[in-house]
Amino acid sequence: MDPDILVRGLTAGSLYALVAVSFNILYRPTNVFNFAQGELVMLGAMLFAAGKSTVGLPWPLALLATLAAVGTLGLAEEFIAVAPILARSKTGTGWVITTLAISLIVSNLVGWIWGPDPILVKPPAPLSLDTFEFAGLRLNSYVIALAALTIALVALIERAYRTLQGKAVLAVAEDREAALLRGINPARLSRWSFFLGGAFAGLTGILAAPILYASTSMGPALLLKGFAAAAVGSIGNNRGALIAGYLIGITEAVGASLLSPGYQEAVVFLVVLTVLLMRPQGLFGLATTRTV
Amino acid sequence: MNPGPTIRFRRDGGISRRSLLQTATAIGASAFAPGFSAYAQQQAFKIGWVRPTTGRLASSFAPLYLGGLIAIEEINAAGGILGRQIERVEEDDEASPAKEPGIVRKLREQDVSVIVGPTGSSQSLASLAATTQAKILQSTYAAAAEAGDGKKYPYHYQLMFNTDQQADVCATYMAKTLGLKKIGILQENTAFGEQAAVSTKAILQKKFGLEVASHQVYPITATDLSAYVANLQKAGVDGVIAWIANVPNAAMIFNTMKTLNWFPPVTGHSGLMLPALFDLVSADAVKNVLATYYRPFTWTDTEQPGLRQVAFAKRLAQFPEAKGYEVNVAASPYYDFIYLLKSAIEAEKSFDVEVLQHALSSVKDFKGLLGNISLTAHNHCGIDITDVVLVSIASGQDARAMGCMRARAPNQ
Amino acid sequence: MAASRATTLAPLITQTAFVAVACVFPLFVGSNSYALYVATQLGVYIIAAIGLNLLAGYAGQVSLGHAAFVAIGAYATALLMVDHAWSFWAASLVSMALATGLGMLSALPSFRLSTWYFAFITLAFALVFEKMIVEWRWLTKGFAGVIGVPAPRIFGYEFGPKILYLLVFASAVVAFLIVRNIVQSRFGRAFVAVRDAPAAALAVGASPQSMKMLAFVIAAAMAGAAGSLFAVQKTVVTPDDFTADFSIFFVLTVVLGGLGTLWGPVIGAFVFFLIPEFLSSLQSWRMLIYGCLLLVLMLFAPHGLAGALRQAWRRYAQTQKTPAAARTDTPVEHVAVAGLALEITGLQKRFGGVAALDDVEFIAPAGSCSAIVGPNGSGKTTLLNVSGGYYLADAGSVRIGGVETNGMSAQRIAALGIGRTFQTPRLLNELAVIENVMLGAYRRERAGFASTALRLPGARAETRRMRAEALDHLEFVGVADHAEDPAGEVPHGQQRLIEIARALMGGARLIMLDEPAAGLSMTELDRLDQLLVRIRKLGATIVIVEHHLDLVASIASFVTVLDRGKILASGSPADVFKDERVLQAYMGDRALRSGA
């Protein structure tokens, strides 16, 4: 098989894993799956590109500004579209529609401001996209850095969940009422999670920009692949998301090379559907039983 | 009721009242219904104007109608066609083929018998199905060869080079001018890409006995095109014919070539010439890239662009919305269509659709902006292949470009 | 659903007027007019939206890929008519059949995945489908699409735009009536049960799988029909018509109009597709406005415009509400039933490493009243759940009326004549109390799907009969005065009684009650006591899980004590409550409390 498939799978897989992790951060204390996540990633890429090229900010500043802005938007989303729905019913799925509405609003506002043309974002020096040959693989320094950073971020987040605050998040995910009795404030945690999940989505967008270009149409595809990675890796499980992200990235690359590239979405869809039908809880989750 | 004043009015003011009323009517008509007074002289000549003003493609498609707009302005300023001013009836199609049948209905309702637009091959074919049936004279921005078939669409005038002609020029350059043997095709999977690739293969086969070394088809929504470029390189291709119509895809492809440090000669569609490409790609990455264009809009070391074309470029520069799209505006058929229509109407002294359709079927050597246009009952494309040439993409950054001029490739 | 005459009359007039205006509309516009074209298109959207509303609004399966069904219908009709010169009618049938086939396939993931997983899968499907239409150029003619679809003909007469409008209009009316009839029948109640309380659906013997499948089949068939009409109305079918956005539009339409309301899809389609035609200056803001509208509606009016209208009307009508017609007070005569025995031997059930049930024996003879008591977490509810088929036992045997039921699905066990109530009542909060009780008869009603959808006389008579019977059961449990109120608004204690009435309505021969006395007031407790005695007198077997030992002692002839999944003691209440181990392990503190 063509060794380049591995590199392409690794590149795309890193991004899918990052989107999946950003889903998980939001999901853990709220049990809400944010349908606007793809647009938050897109917004991250656009804001960063605009901050860097249009306003001319140095990249660390553009990075921080982007994270703060997208995080705040996530927070606003929680406040407007998620908290009121959860207050009405803990188990309802009204948030499917409200987060979808947020996704529409964000994508149209951003499209209206920036238009459909993509913006080129160069990787920060000394990283570059120029390929070199290594052990039969055609690599570039940015892709290596991206994969390393992805793994490091997942490790970091897993560590964070082992702290007291992190445990509180897990407790809320388990049982909101019980957590409340133990003095944990689920509302505060859910706001924090949306802020952090938003900021992480923004970061994902920034990291994706040099490869995919910053464009207003990058949202839906990332939303789907990110969902695929999160679901296959078991929702809420970040290590699962990491592995599943790479699995999906490579599946897609193999599908593109064996069949026509036009089939790569279909291949991913079929793989995800098959996994979910056989194991609805994903590859790395425990089966839950129905309760009556 | 007081009968007194009425009687006095009748006796003393009868005539003056009548004249007063007449004056009032005249004033009223001119003040409140300018269309009405225009009607009194000569009814305006309505042309349907179908373009996206909303939607994803609005910003890149809407400016392409400026050529037609300039033509109308010039004609109206000079007194219209047979004394009738041209009036545009705007409709927004959102660049969606799905909208076209409804829009044709809307325009028919307003007694429109000539339509300019829509832009895009699939939008155009969807619109043509409705306009052909309704017998409406139309000009669309569609490169697909099918759109120039006068038998199939007798009321449509393509007036721009089609996919067959582009393929011919590109294939001839690769195989004959450069003498290459291993030619690859890279195509987007749209109607345009499909038709262009099919004719490229046929021409390479028939004229030069060459089989395509590698044929790559990519989806326009793909986020990573490096695999396709890598495949071409692996197949040992020494020249690429690229049917790419949008800038982001082109940018991804040329950037990949740069990272691979592989710069084979590339020939392709005029869509590659948009200056937006230079925001995404450095100039050295496109040094070997050529695109199809119209001879009168090109220069060489010894020849200059046509005078009319230069005047057009200057006029175009006055429209800020044309910035960045000059090439596509210049390459649009709308300017020539309006003038062609005018000449047919004036020759026949009639606005009747059937009369005009008949007259247009035998146009010979009409001096269009894009070249010499000749039509028959079959051929509604009209462009002569000698007017189709390859130009250098990189020359877009030359001072001589004036937005829509480009340097012709050697031996063209 | 049913309300007093005053509240139904005015809406009825509005609805009739609406239909009448839509009917005579073509008389006032030109044949080639844009207005007629748009109106026809609107009718097509309404047909598809009505189907989606049944699926998403009533059965709760939010499908974000509805455009795919419409697309299949449209492409099938267009290709058959253009390439193979089929007649519209034949092509239309094929369209509906193909869409239905796809609908059945899409139903499969919904069996195993939760609502929002499913929503995501359908969204993914919509995006993939959008790509595939373009990719399969050999079939769909690629990007440019199928062009020049001819008008329908009948005996050589070609349908003009006006006749086509009437065809679409008539189809929309038929779709509306079919969905209305289904929604107001046992199928409709079962859909809502699958959506709001799947356990209740199982308890009355309605299989969630079959209900979801049915909803998909109907929705997909309607989408197929809409697609078929779409092709002849548009005359052009292109991939651009069926993007993922189009799917989302349909969901928006239904949510905007009101999920799970009959007029929702009609109102939604009007607002969603028609208003942009009038406000062309707002075109570029359209999607943004839709997004905001959707958000605001979901937050403040979850039942959409139709729901908001209904609520406003109710508030107005409340002030002049006439008391419901008094019903004839015939003494309630209930038929005796033959109780079913429940025999459980060697039952094992483990959750992870924990044994919830460990070698449990339990026998409730036919017509007896047996109680299961024990501390929290001792496995009482698990025992009921395993008996009812909600959980699969790891080992052992459950025999109901002599039939081995271990391994049978919950709805099949329910069909044997098992009634069930739950710790937290599983009622359909939005439906009237009487509808909740009628749900119980899901298995008993004989009217088939076709006669229900067409509202044939047989089905109508049966509905009337069931209604009367449900009211009887409500009287029997003493909640008849709430019959027309939404179940969610009834006090908690009475909700338990409604659940019992629902079980009785199903003709239960074995009733399993899970803590029916929890949270009841003293008077309600008395009534429950009497009620259980009366049920037992009818002949049904009662198995009751209860903490309230006075109640147990008063009605049960046999008591089993569970502790950490094991049987601690069993026998008559008098014997068991004297058992020392029982007193130690369980009664110690509790006996004092409930004895007080």
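Residues numbered from 1 in each chain as written. Chains lettered and ligands numbered in written order. Predicted model: local features only at pLDDT ≥ 70, side-chain atom pairs only at ≥ 80, totals over all residues. Heavy atoms only, no water.

Student: So what exactly am I meant to see when it comes to the overall build of chain B here?
Tutor: Secondary structure summary: chain B contains 16 helices and 14 strands in total. A separation of at least 24 residues holds for 69% of the contacts in chain B among residues at least 6 apart in sequence. Here chain B has roughly 16800 Å² of accessible surface; of this, 54% comes from carbon and sulfur atoms. (Helix = DSSP H or I, 4+ residues; strand = E, 2+ residues; numbered from the N terminus. Contact = heavy atoms within 4.5 Å. Areas by Shrake-Rupley, 256 points an atom, 1.4 Å probe, with all protein chains shown as cover.)

Student: Even after reading the chapter, I still don't get helix 7 (residues 161-183) of chain C, so can you show me in this structure?
Tutor: Each full turn of the α-helix corresponds to 3.6 residues, which orients residues three or four apart in the same direction. In this model, helix 7 of chain C (23 residues) spans 33 Å end to end at C-alpha, consistent with the 33 Å of a helix rising 1.5 Å per residue. Regarding helix 7 of chain C, the residues found buried are Leu164, Tyr165, Leu167, Val168, Phe169, Ala172, Ala175, Phe176, Val179, Asn181, Ile182 and Val183 of chain C. (Expected span 1.5 Å × (residues − 1). Buried < 20%, exposed > 50% of the residue type's maximum accessible area, 1.4 Å probe, protein only.)

Student: Would you mind showing me how to read the pairing of strand 13 (residues 558-563) of chain C here?
Tutor: Along a regular strand, successive side chains alternate from one face of the sheet to the other. Residue and element names in this part refer to chain C. In terms of burial, strand 13 is largely enclosed, as five of its six residues are buried. Sheet topology places strand 7 (residues 369-373) next to strand 13; four bridges connect them, and they run parallel. Bridge pairing in strand 13 places Ser370 opposite Phe558. Here strand 13 pairs with strand 14 (residues 566-571) via five bridges, running antiparallel. Bridge pairing in strand 14 places Val561 opposite Ala569. Linkage of strand 13 to strand 14, two consecutive antiparallel strands, is achieved through a turn of two residues, within which Arg564 is found at a positive phi near 45°. (Pairing = 2+ DSSP bridges.)

Student: How do you make sense of the interface of chain A and chain C when you look at a structure like this?
Tutor: Interface size, as often reported, equals the accessible area lost upon joining of the parts. With 44 residues of chain A at the contact, the number on the chain C side is 45 residues. The partner of Glu265 of chain A in a salt bridge is Lys131 of chain C, with the nearest N and O atoms 3.7 Å apart. For the side of chain A that touches chain C, the secondary structure elements donating two or more residues are helix 1 (4-30), helix 3 (59-88), helix 4 (94-114), helix 9 (219-232) and helix 11 (264-278) of chain A. At 13 residues, helix 4 of chain A tops the list of elements feeding residues into the side of chain A that touches chain C. Broken down by class, the residue content of the side of chain A that touches chain C amounts to 33 nonpolar, eight polar and three charged. (Salt bridge = Lys/Arg side-chain N within 4 Å of Asp/Glu carboxyl O. Nonpolar A, V, L, I, M, F, W, Y, C, P; charged D, E, K, R; others polar.)

Student: Mind showing me how you'd approach the environment of Ala470 of chain C here?
Tutor: All names here are of chain C. Checked against the element boundaries, Ala470 lands in helix 19 (residues 457-477). Measuring from C-alpha to C-alpha, the distance between Ala470 and Gly565 comes to 38 Å, with 95 residues separating the pair along the chain. In this structure, Ala470 is in contact with Ile434, Val437, Met438 and Met505, ignoring residues within four places of it in sequence.

Student: What should I look at first to understand the sheet that holds strand 4 (residues 137-141) of chain B in this one?
Tutor: Residues and elements named next belong to chain B. Read across the open sheet, the four strands follow the order 2-1-3-4; overall the sheet is parallel. Each of the sheet's edge strands pairs with one partner strand only, and the pair in question is strand 2 (86-92) and strand 4. When strand polarity is set aside, the average angle formed by the axes of neighbouring strands in this sheet is 20°. The strands touched by helix 5 (residues 66-77) are strand 1 (45-51) and strand 2; relative to strand 2, the strand with the most contacts, the crossing angle is about 155°. In the packing of helix 6 (residues 100-109) onto the sheet, contacts are made with strand 1, strand 2 and strand 3 (114-119), and the angle to strand 2 comes to roughly 145°. (Axes fitted to C-alpha atoms, helices over the stretch in contact; angles between N-to-C directions.)

Student: Where do I start with the domain arrangement of chain B in this structure?
Tutor: Examined at the domain level, chain B breaks down into domain 1 (3-40), domain 2 (42-142 + 334-369) and domain 3 (164-304 + 388-407). On a C-alpha basis, the centres of domain 2 of chain B and domain 3 of chain B stand 31 Å from each other. (Domains from an automatic or database assignment.)

Student: Would you mind going over the interface of chain B and chain C with me for this structure?
Tutor: Taken together, the 22 residues of chain B in the interface contact 25 residues of chain C. Of the roughly 2000 Å² buried between chain B and chain C on both sides combined, carbon and sulfur atoms contribute 58%. Looking at the side of chain B facing chain C, the largest losses of area belong to Ala98, Arg105 and Asn189 of chain B, adding up to 27% of the total buried there. At the boundary of chain B and chain C, one finds zero salt bridges. Inspection of the region where chain B meets chain C yields three residue pairs in polar contact (both at pLDDT 80 or more). Listed by contribution, the elements that provide at least two residues to the side of chain B that touches chain C are helix 6, helix 7 (121-134) and helix 9 (191-208) of chain B. Among the elements that take part in the side of chain B that touches chain C, helix 6 of chain B stands out by supplying six residues, more than any other. Looking at the side of chain B that touches chain C, its residues break down into nine nonpolar, seven polar and six charged. (Buried area = accessible area lost by both parts, 1.4 Å probe. Polar contact = N/O pair within 3.5 Å; in protein donor to acceptor, adjacent residues only side chain to side chain.)

Student: Could you clarify how one ought to interpret the side chain of Asn53 of chain C in this entry?
Tutor: Residues and elements named next belong to chain C. By the element assignment, Asn53 lies in helix 2 (residues 34-58). Of the residues examined, Asn53 reaches a relative accessible area of 1% and is grouped as buried. Asn53 has contacts with Tyr58, Val254, Gly258, Leu259, Gly260, Thr261 and Pro265, leaving out every residue within four places of it along the chain.

Student: What should I look at first to understand unusual backbone geometry in this one?
Tutor: Only a minority of non-glycine residues have a phi that is not negative, and only a minority of peptide bonds are not trans. Residues and elements named next belong to chain B. Following Gly117, the chain continues to Pro118 via a peptide bond in cis, the omega torsion being 0°. The backbone of Ala95 sits at a positive phi, close to 55°, despite the residue not being glycine. Tracing the backbone through its elements, the reader meets Ala95 in the loop between strand 2 and helix 6. Unlike most non-glycine residues, Asp111 shows phi in positive territory, near 60°. In this structure, Asp111 sits in the loop between helix 6 and strand 3. Accessibility expressed as a relative area gives 67% for Asp111, which makes it exposed.

Student: It is not clear to me how the confidence of the model for chain B should be interpreted in this structure. Could you clarify?
Tutor: If pLDDT is low for a region, its predicted coordinates should not be looked at in detail. All names here are of chain B. Model confidence for chain B is summarised by a mean pLDDT of 86, while 89% of its residues fall at 70 or above. A low-confidence stretch, residues 1-40 (pLDDT under 50), is modelled with seven contacts involving residues beyond four sequence positions or located in other chains. Scored by ipTM, the complex comes to 0.86, with pTM at 0.83. (pLDDT = per-residue confidence, 0-100.)

Student: Would you take a moment to explain the nonpolar core for this structure?
Tutor: Soluble globular proteins tend to pack their nonpolar side chains together in the buried interior. Core analysis: the largest hydrophobic core is formed by 212 residues, its most contacted members being Phe33 and Phe227 of chain A together with Phe242 of chain C. Considering each element in turn, this core owes the most residues, 16 residues, to helix 2 of chain C. Among the domains, domain 1 (34-278) and domain 3 (429-507) of chain C are the pair contributing at least three residues each to this core. In contact with Phe242 of chain C, other than residues within four places in its own chain, are Ala67, Val70, Ala71, Ala74, Tyr75, Glu130, Ile133, Phe230 and Val237 of chain C. (Core = buried A, V, L, I, M, F, W, Y, C linked by side-chain atoms within 4.5 Å.)

Student: It is not clear to me how the packing of aromatic side chains should be interpreted in this structure. Could you clarify?
Tutor: Applying the stated rule across the entire model yields 46 aromatic pairs over all chains. Their ring planes at 70° and their centres at 5.8 Å tell us that Trp89 of chain C and Phe159 of chain C sit as a pair that is edge-to-face. Here the residue Trp89 of chain C occupies a position in helix 4 (residues 88-112), and Phe159 of chain C occupies one in the loop between strand 3 (157-158) and helix 7, the gap between them amounting to 70 residues. Residue Trp89 of chain C is classed as partly exposed on the basis of its relative accessible area, which comes to 32%. Taking the relative accessible area as the measure of exposure, Phe159 of chain C reaches 10% and is therefore buried. Linked through ring pairs, Phe23, Tyr27, Phe33, Phe35 and Phe227 of chain A together with Tyr117 and Phe120 of chain C together constitute an aromatic cluster. (Phe/Tyr/Trp six-rings, centres within 6.5 Å; stacked < 30°, edge-to-face > 60°.)

Student: Would you explain the environment of Asp241 of chain C in this entry?
Tutor: Locating Asp241 of chain C in the fold gives a position in the loop between strand 4 (236-237) and helix 11 (244-257). For the pair formed by Asp241 of chain C and Arg350 of chain C, sequence separation is 109 residues and the distance between their alpha carbons is 53 Å. If near-sequence neighbours (up to four positions away) are discounted, Asp241 of chain C is found in contact with Ala98 of chain B together with Phe230, Lys234, Val236 and Phe246 of chain C. Within the structure, Asp241 of chain C has its side chain in polar contact with the backbone nitrogen of Thr238 of chain C (distance 3.0 Å).

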